[in-house]
Amino acid sequence: MSIPITKPVFGPEELRAVQLPLETGWIVQGPYVKTFEDRFAAFVVASQAVATTSCTTALHLALAALRVAPGDEVIVPAFTWVATANVVEYLGGRPVFCDIDLETFNIDVDQMASLVTPRTVGIIPVHLFGLCADMDAVGRVAERNGLWVVEDAACGFGARIRGRHCGTFGTCGCFSFHPRKAITTGEGGMITTASHELAALAVSLRDHGATESDLARHVGNAPFRLADYPHLGYNFRMTDIQGALGCAQMDRAEWILAERTRVARAYDERLEPFDWLSRPVVPPGFDHGYQSYVCLFRPDAPTSANVERQSERRDELMAALEAAGIATRPGTHAAALSRYYRERYSLEPSCFARAHMAESLSLSLPLFPQMTDAEIDLVCSSLGAAMGAGA
Ligand SMILES: Cc1ncc(COP(=O)(O)O)c(C=O)c1O
């Protein structure tokens with residue numbers, strides 16, 4: 001038996017869905033994208049949803065609409081995918097990295113407050129692996145300092161605090177539909193916001209800054225009249241093939257999330273005896289979306305002195321599982337310590353000790369809705385066997 005890290009859920013419904021726009025002949029930024037936006041907005045309970053080509057372009061678009069400019073500082077967690085920081089750089093801003101809480105893998109809100117300077121314009125909290133960042137604390141720091149908040153909800157589908165879906169706490173939220181995420185359109189992204197003004201600007205900027213979309217022009221009474229272009233925009237338009245696929249995935253969304261939770265609960269139970277592995281925490285009032293099930297490999301309490309040695313043991317464990325046909329991955333990387341940022345801002349692991357530990361010791365296990373009990377058992381028994389064998 002070979003067990004991948006994830007597997008998208010596609011059936012005859014998805015196969016049929018992607019044919020529909022091809023039959024109409026309108027395949028970019030058309031009616032299926034609009035329906036996907038409406039359904040997504042209803043699911044997360046946001047008044048506006050704006051589809052894009054990825055979460056990276058959603059974040060880029062959001063920051064462009066918020067007028068991030070050279071010299072602006074934006075606080076981002078040090079342990080996140082590099083895209084969270086890159087979008088700040090694209091606009092000439094400076095990502096100011098903040099260490100994380102090693103229990104939740106999310107931004108350390110106390111350190112975050114200490115990083116605000118007169119140049120800070122916003123915060124990008126990340127809901128890593130499907131667990132919301134502490135949005136009460138983020139909101140307090142933002143309000144006190146007049147900052148915007150763009151939630152990086154790339155992994156956040158199904159993540160809630162007291163019943164409220166992520167992507168609705170900040171100025172806006174940005175989601176990903178990459179195949180590693182709970183629902184997928186291949187590539188794809190979405191901005192959610194309560195601001196009509198911000199949504200309208202994002203809609204224009206994703207289409208080169210146009211005053212009117214192609215679809216609106218074509219169904220209007222003067223389709224021959226071109227739009228005007230008051231803004232310097234981008235081409236971040238989603239295709240209707242992706243939009244139709246997204247609608248088919250939305251039909252399954254509740255089932256997908258329930259099955260992901262089932263697998264996570266089964267892991268929680270079976271991994272409990274492994275005191276060398278910390279399991280994902282879920283603070284009271286939080287719903288975890290389980291985009292990933294990420295543990296921390298910690299035979300010894302991690303310290304700066306032992307992290308490299310323990311990291312080697314984690315890698316040996318991952319290699320043993322790989323040899324047994326079971327895919328595992330590090331949770332994500334410490335973007336702050338990737339070469340570009342290390343060299344650009346003279347950063348080193350001691351600047352972000354916990355992000356460095358998370359990168360070195362995190363272990364993401366296979367998780368997909370179709371996963372059987374036998375597969376979950378095999379992952380857990382293989383982990384136990386590999387550790388028992390002195391991994
Ligand atoms: C935290 C985070 N932010 C942003 C992204 C970028 O998403 P996309 O691949 O849709 O551009 C990812 C992708 O994995 C991510 O994990």
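Report on the accompanying structure. A quick note: this is a predicted structure, and the numbers were derived from the prediction, not measured.

**Quick look at the overall build of the protein**
Per the secondary structure count, the protein includes 14 helices and 13 strands. The C-alpha radius of gyration computed for the protein amounts to 21 Å, which stays within 12% of the reference 21 Å derived for 391 residues, consistent with globular compactness. Dimensions of the protein along its principal axes, counting C-alpha atoms only, are 75 × 55 × 35 Å. With 391 residues in all, the protein has 58% of them scored as buried.

**Observations concerning helix α14 (residues 373-388)**
For α14, with 16 residues, the first-to-last C-alpha span of 22 Å sits near the 22 Å given by 1.5 Å per residue. By the burial criterion, the buried members of α14 are Glu375, Ile376, Val379, Cys380, Ser382, Leu383, Ala386 and Met387. In a view along the axis of α14, the buried residues occupy a sector of 155°, so they form one face of it. Considering only its buried residues, α14 is in contact with α10 (253-271), β10 (277-278), β12 (293-297), α11 (307-323) and β13 (362-365).

**A look at the site of the ligand**
The environment of the ligand is made up of 14 residues, and the closest members are Cys55, Thr56, Asp152, Ser176 and Lys181. A distance of 2.7 Å separates a nitrogen atom of the ligand from a polar atom in the side chain of Asp152. Note that an oxygen atom of the ligand is positioned 2.7 Å from one of the side-chain N or O atoms of Ser176. Its free accessible area being 390 Å², the ligand has 87% of it covered by the protein chains. Listing elements by their share of the shell around the ligand, those giving two or more residues are α3 (55-65) and α4 (83-90).

**Comments concerning the sheet that holds strand β4 (residues 120-123)**
Strand order across the open sheet formed by seven strands is β1-β9-β8-β5-β4-β2-β3, with mixed pairing between neighbours. Pairing within the sheet leaves two strands with one partner each, and these edge strands are β1 (48-52) and β3 (94-98). Averaged over all pairs of adjacent strands, the angle between strand axes in this sheet comes to 25°, irrespective of strand direction. Bridge count for strand β5 (residues 148-153) against strand β8 (residues 172-176) is four bridges, and the pairing is parallel. Within β8, the position partnered with Val150 by the bridge is Cys172. In this fold α4 packs onto β2 (73-77), β3 and β5, with an angle of close to 150° to the strand it touches most, β3. Seen against the sheet, helix α7 (residues 196-205) touches β1, β8 and β9 (189-193) and runs at an angle of roughly 20° to β1.

**Some words on empty space enclosed by the protein**
In this approach the atoms are scanned with a rolling probe the size of a water molecule, which exposes any empty space left behind. One pass over the structure, following the stated rule, counts two cavities of 30 Å³ or more. The volume enclosed by the largest cavity comes to roughly 60 Å³. The wall of the largest cavity is formed by 13 residues, among which Lys7, Pro8, Val9, Lys181 and Ala182 lie closest to the centre. Residues of the lining of the largest cavity, tallied by class, amount to seven nonpolar, three polar and three charged. What the second largest cavity holds in volume is close to 40 Å³. If you go around the second largest cavity, the residues you meet are Ile5, Thr6, Arg180, Arg260, Gln291, Ser292, Tyr293, Ser364, Leu365 and Leu367. Considering only residue class, the lining of the second largest cavity consists of four nonpolar, four polar and two charged.

**Regarding the side chain of Glu73**
Relative to the helices and strands, Glu73 resides in strand β2. Buried and unpaired, Glu73 has Arg119 as its nearest opposite-charge partner, separated by 4.9 Å.

**As for the pairing of β5**
In terms of residue burial, β5 counts as a mostly covered element, since six of its six residues are buried. What you see with β5 is no split at all: Trp148, Val150 and Asp152 on one side and Val149, Glu151 and Ala153 on the other are buried throughout. Two strands pair when backbone bridges link them, and β4 and β5 are joined in this way by two bridges, in the parallel orientation. Following the sheet pairing, Gly122 is matched in β5 by Trp148.

**Some details on the environment of Phe297**
Locating Phe297 in the fold gives a position in strand β12. For the pair Phe297 and Leu361, spaced 64 residues apart in sequence, the C-alpha separation works out to 5.1 Å. In this view, Phe297 contacts Trp276, Leu277, Gln310, Arg313, Arg314, Leu317, Leu361 and Met387; residues no more than four positions away in its chain are not counted.

**Things to note about the packing of aromatic side chains**
All told, the structure shown has 18 aromatic pairs when counted by the stated rule. A ring pair is formed by Tyr340 and Tyr341, whose centres lie 4.8 Å apart and whose planes are at 90°; its orientation type is edge-to-face. Residue class for Tyr340 comes out partly exposed when judged on its relative accessible area of 45%. Judged by its relative accessible area of 0%, Tyr341 falls in the buried class. Ring-pair connections join several aromatic residues into one group, and the members of that group are Phe36, Phe40, Phe43, Phe157, Phe175 and Phe177.

What counts and how
Residues numbered from 1 in each chain as written. Predicted model: local features only at pLDDT ≥ 70, side-chain atom pairs only at ≥ 80, totals over all residues. Heavy atoms only, no water. Helix = DSSP H or I, 4+ residues; strand = E, 2+ residues; numbered from the N terminus. Rg over C-alpha atoms; globule rule 2.2 N^0.38 Å. Buried < 20%, exposed > 50% of the residue type's maximum accessible area, 1.4 Å probe, protein only. Expected span 1.5 Å × (residues − 1). Arc of directions from axis to C-beta. Contact = heavy atoms within 4.5 Å. Near = heavy atom within 4 Å. Polar contact = N/O pair within 3.5 Å; in protein donor to acceptor, adjacent residues only side chain to side chain. Areas by Shrake-Rupley, 256 points an atom, 1.4 Å probe, with all protein chains shown as cover. Pairing = 2+ DSSP bridges. Axes fitted to C-alpha atoms, helices over the stretch in contact; angles between N-to-C directions. 1 Å grid on protein atoms, 1.4 Å probe; cavity = no way out; pocket = protein on both sides within 12 Å on 5 of 7 lines; lining within 4 Å. Points joined across faces, edges and corners; volume = space filled by probe spheres on them. Nonpolar A, V, L, I, M, F, W, Y, C, P; charged D, E, K, R; others polar. Lys, Arg positive; Asp, Glu negative; His and termini not counted. Salt bridge = Lys/Arg side-chain N within 4 Å of Asp/Glu carboxyl O. Phe/Tyr/Trp six-rings, centres within 6.5 Å; stacked < 30°, edge-to-face > 60°.

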